[in-house]
Structures are given as C-alpha cells and as structure tokens.
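# Overview (structure and organization)
One-letter residues, chain by chain:
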Amino acid sequence: MHTGDWPKTAEEARAVQERLRDLVDLTDDLPALPPTVTGLDVAYDESDGIAAAVVTLETAGLTVVEARTHRAKAVFPYEPGLFAFRELPPLLAALEGLAHTPDVLVCDGHGLAHPRRFGLACHLGVLTGLPAFGVGKTRFVGTHDEPEQARGSSAPLADAGEEVGAVLRTQDGVKPVYVSAGHRIGLAHACRLTLALTPRYRLPETTRQADRLSRAALR
C-alpha cells in the first residue's frame, strides 16, 4: 500500500485494518535470540511534521549496527486506534533506507492489544513480512492484575475475554510495560526478547535509541 492510495478518513482506515488483520500470522520461527533487533519510533513537531527513526542493534551486546531517519508531513489525522496511518509512511521510508533486512521489529506501541487486534506492530509486520511485536508504555485496551514487583514478573492482558498481551515488569519495582505480538512471533517469545532488551531501564534499548534519534531528527 502506497501513500497515494492511503486512507483519508477514519472509516476507510478501519476498513483497511479489518481487511488486513486476517493476514496476521503468529507462527513463530524466530531463533530464541535473533542476531539483531530493530526499534522504531516517531516524534512530532508543532506543525504536524513527523520524524521517523529505525535503529538496528546487535541483540547480544545492544550496540548499534545501523540507523536511518525520515522526515515527512502527517498524511492522516490524529485518531485513537489509527495511529499507524500517521506513522507508517515515514517508518516504512526509514526502513527502506536500511542496508540490512531486520530480523525482528520492536515497535513503540501495540500489536494485538488493539480494539481491532491490529495495532502498529501487526500492521508493520503484515506490510513488510517481517516478525514484529509491540512494547507499549501505557495500556490501550483490556484489563489486568498487577504483576509482582520483581523484574520478569508478568500478568495477562485480557480484552473481551481474549488474552491480547502481557503486562511485564522489566525492572524491580518500576511501572510495567505492555507487550503484545504483532506478526510472526509469539507472545512468550516477545516477552523474553523484551527482557533481553531491558537490562538497565524500563523501556527496551531499541525504543530508547529510536526515540532519541527521532527527536534529534526534528531539530
């Protein structure tokens, strides 16, 4: 899907989500620890400009392998549940600039933990064909019990009687994050990778690096 035929209205965008969500495949054939992980994030300026950043890290040492940014104007209005339609065009452009195909995409957002079970991580995964999952800072849908305080503790995130993600404590005593599968990866695997990416901080190093780079690209 190119931006030329990108949805213009919320109704059109929801129809796209409904159509594409049947293409989500949660068959997990990833190595337990893939060689690299690629984080994605966007930053906005006051005039609706977007800077997208993608950063690939070595999974073992979390050192940066390569990074790309892309600046653009938002082509879709601000609408809860439809953020992907604002963020995908510049994110896809930044991904195309990478010299190496990512092993797995880590989104600052959600996958199945979405009202239509098709958040940014699902959308990115389906459009690129790459494994993808989301790590959200806040809950978007569902309810959950509070996980225990120790790093690695988790609780199911449920919505309408369905488990759509996990509430995962990445550091002792800090607020948890919200992990959900997007495409070609299972939830348990996504949680293990999230812990591998958070040796010191609450948020994955992929998100921290991409956030820093996207903000710098706006300056």
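The following refers to the structure shown. These numbers were taken from a predicted model, which means no experiment stands behind them. All residue numbers refer to positions counted from 1 along the written sequence of the respective chain. Given that this is a predicted model, residues contribute local features only at a pLDDT of at least 70 and side-chain atom pairs are listed and counted only at 80 or more, while totals for whole chains, interfaces and linings are drawn from all residues. Hydrogens and water molecules were not included; the side-chain quantities draw on all heavy atoms of the structure.

### Some points on the pattern of salt bridges
Oppositely charged side chains may form a pair once their charged atoms are brought near each other. A carboxyl oxygen of Asp or Glu within 4 Å of a side-chain nitrogen of Lys or Arg is what we treat as a salt bridge. Tallying each qualifying case throughout the model produces 11 salt bridges. Of the charged contacts, one joins Arg 117 and Asp 159 as a salt bridge, the two residues approaching to 2.9 Å between their closest N and O atoms. With Arg 117 in the loop between β4 (105-107) and α3 (120-128) and Asp 159 in strand β6 (residues 154-159), the pair connects residues that are 42 residues apart, well separated along the chain. Two residues, Arg 208 and Glu 205, come together in a salt bridge whose shortest N-O distance is 3.1 Å. Taken together, the residues span about one helical turn, with Arg 208 and Glu 205 both in helix α5 (residues 205-218) at a distance of three residues. Within the structure, one salt-bridge network assembled from shared partners comprises Arg 117, Asp 159 and Glu 162. Helix and strand definitions follow DSSP, with helices as H or I runs of at least four residues and strands as E runs of at least two, each counted in order from the N terminus.

### A short note on the packing of aromatic side chains
Between rings of Phe, Tyr and Trp, where Trp is taken as its six-membered ring, a pair exists when centres lie within 6.5 Å; planes separated by under 30 degrees are stacked, by over 60 edge-to-face, and by other angles tilted. A full pass over the atoms with the stated rule returns three aromatic pairs. Arranged with centres 5.2 Å apart and planes meeting at 45°, the rings of Tyr 78 and Phe 83 form a pair that is tilted. Residue burial is assigned from relative accessible area. The probe radius is 1.4 Å, only protein chains are included, and a residue is buried under 20% of its type maximum, exposed over 50%, and partly exposed in between. A relative accessible area of 59% places Tyr 78 in the exposed class. Among the aromatic residues, ring-to-ring pairing joins Trp 6, Phe 76 and Phe 85 into one connected group. A cation over a ring is seen here: Arg 208 above Tyr 201, with NZ or CZ 3.7 Å from the ring centre. Placement of a positive charge over a ring is assigned whenever Lys NZ or Arg CZ falls within 6 Å of the ring centre and within 35 degrees of the normal to the ring plane.

### Regarding the layout of surface pockets
A cavity here means a set of points on a 1 Å grid, drawn over the protein atoms and nothing else, where a 1.4 Å probe fits but cannot get out; a pocket is an open set with protein on both sides within 12 Å along at least five of seven lines, and a residue lines either one if it has an atom within 4 Å of a point. Grid points are joined across faces, edges and corners, and a volume is the space filled by probe spheres set on the points. The volume enclosed by the largest pocket comes to roughly 630 Å³. As for the largest pocket, its lining consists of 29 residues, and the residues nearest its centre are Phe 83, Glu 87, Asp 108, Gly 109 and Lys 137. When residues of the lining of the largest pocket are traced back to their parent elements, those giving at least two are β1 (36-44), α2 (84-96), α3 and α5. The residue classification treats Ala, Val, Leu, Ile, Met, Phe, Trp, Tyr, Cys and Pro as nonpolar and Asp, Glu, Lys and Arg as charged. All others, Gly included, are polar. A class-by-class count of the residues in the lining of the largest pocket yields 14 nonpolar, eight polar and seven charged.

### Here's the deal with the sheet that holds strand β3 (residues 64-73)
For two strands to be treated as a pair, DSSP must find no fewer than two bridges joining them. Across the sheet, eight strands lie side by side as β3-β2-β1-β4-β5-β8-β7-β6; this open sheet has mixed pairing. In this open sheet, the two edge strands, each paired with only one partner strand, are β3 and β6. Mean inter-strand twist for the sheet, computed between neighbouring axes without regard to direction, equals 25°. In the sheet, β1 pairs with β4 via three bridges, with the strands oriented parallel. Paired with Leu 40 across the strands is Cys 107, a residue of β4. Axis lines are fitted through C-alpha atoms, for helices just across the contact stretch, and the angle between N-to-C directions can take any value from 0 to 180 degrees.

Any functional reading would require information beyond the geometric quantities listed.
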